[in-house]
Amino acid sequence: MSIEVTHNKILEYLKKHGSANTFRLSRQLEIDRGKLIDIIRDLANEGLAKFEHGSVSIIDKSNQ
């Protein structure tokens, strides 16, 4: 499945900075928070990110 540019932007941010609050992430990446949450849910459904209590983190596949 092809990952869009915005998806990559979010994943790169999480790799570099670790977990992030969605409010901070939307400000840093200049993405509307509602749209950001939709994208994060897509990433979570693909098993690439974890979304809990307004915070998102990347899933480290190397530990699985």
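From a predicted model like this one, the values you see are computed outputs, not experimental measurements. (Residues numbered from 1 in each chain as written. Predicted model: local features only at pLDDT ≥ 70, side-chain atom pairs only at ≥ 80, totals over all residues. Heavy atoms only, no water.)

Peer 1: Help me understand the overall build of the protein in this model?
Peer 2: Across its full length, the protein carries 3 helices and 3 strands. Across the protein, helices and strands are ordered from the amino to the carboxyl terminus as α-β-α-α-β-β. The burial tally for the protein puts 30% of its 64 residues in the buried class. If you sum the accessible surface of the protein, you get close to 4,500 Å²; carbon and sulfur atoms cover 44% of it. (Helix = DSSP H or I, 4+ residues; strand = E, 2+ residues; numbered from the N terminus. Buried < 20%, exposed > 50% of the residue type's maximum accessible area, 1.4 Å probe, protein only. Areas by Shrake-Rupley, 256 points an atom, 1.4 Å probe, with all protein chains shown as cover.)

Peer 1: Explain the pairing of strand S3 (residues 55-58) to me, please; I cannot follow it from the model alone.
Peer 2: For a regular strand, the rule is simple: side chains alternate between the two faces of the sheet. Note that strand S1 (residues 20-21) and S3 share 2 bridges and pair antiparallel. Bridging from a neighbouring strand, Asn21 pairs with Ser55 of S3. When strand S2 (residues 49-52) meets S3, the two strands line up antiparallel, connected through 4 bridges. What sits directly across from Phe51, in S3, is Val56. Where S2 folds back on S3, the antiparallel hairpin that results is connected by 2 residues, among which His53 adopts a positive phi of roughly 50°. (Pairing = 2+ DSSP bridges.)

Peer 1: Would you explain the sheet that holds S2 in this entry?
Peer 2: By way of backbone hydrogen bonds, the strands of a sheet pair with one another, either parallel or antiparallel. Strand order in the open sheet formed by 3 strands is S1-S3-S2, and the pairing between neighbours is antiparallel. Each edge of the open sheet is held by one strand with a lone partner, namely S1 and S2. In the packing of helix H3 (residues 33-45) onto the sheet, the strands contacted are S2 and S3, and the crossing angle to S2 comes to about 125°. (Contact = heavy atoms within 4.5 Å. Axes fitted to C-alpha atoms, helices over the stretch in contact; angles between N-to-C directions.)

Peer 1: Whenever I open this one, the nonpolar core confuses me. Can you help?
Peer 2: The tendency in soluble globular proteins is for nonpolar side chains to be buried side by side. Counting 14 residues, the largest nonpolar core has Ile10 and Leu25 as the members making the most contacts within it. Listing elements by their share of this core, those giving two or more residues are helix H1 (5-17), helix H2 (22-29) and H3. Other than its neighbours up to four places away in sequence, Leu25 contacts Ile10, Tyr13, Ala20, Leu36, Ile40 and Val56. (Core = buried A, V, L, I, M, F, W, Y, C linked by side-chain atoms within 4.5 Å.)

Peer 1: Before we go on, may I ask you to explain the pattern of salt bridges in this structure?
Peer 2: Opposite charge on two side chains makes pairing possible when the charged atoms of those side chains draw close. For the coordinates displayed, the defined rule picks out 2 salt bridges. Between Lys15 and Glu12 there is a salt bridge, and its shortest N-O distance comes to 3.7 Å. Of this pair, Lys15 and Glu12 both sit in helix H1, separated by 3 residues, roughly a single helical turn. Overall, the relative accessible area of 54% leaves Lys15 in the exposed class. Residue class for Glu12 comes out partly exposed when judged on its relative accessible area of 46%. With a closest N to O distance of 3.9 Å, Glu52 and Lys50 form a salt bridge. (Salt bridge = Lys/Arg side-chain N within 4 Å of Asp/Glu carboxyl O.)

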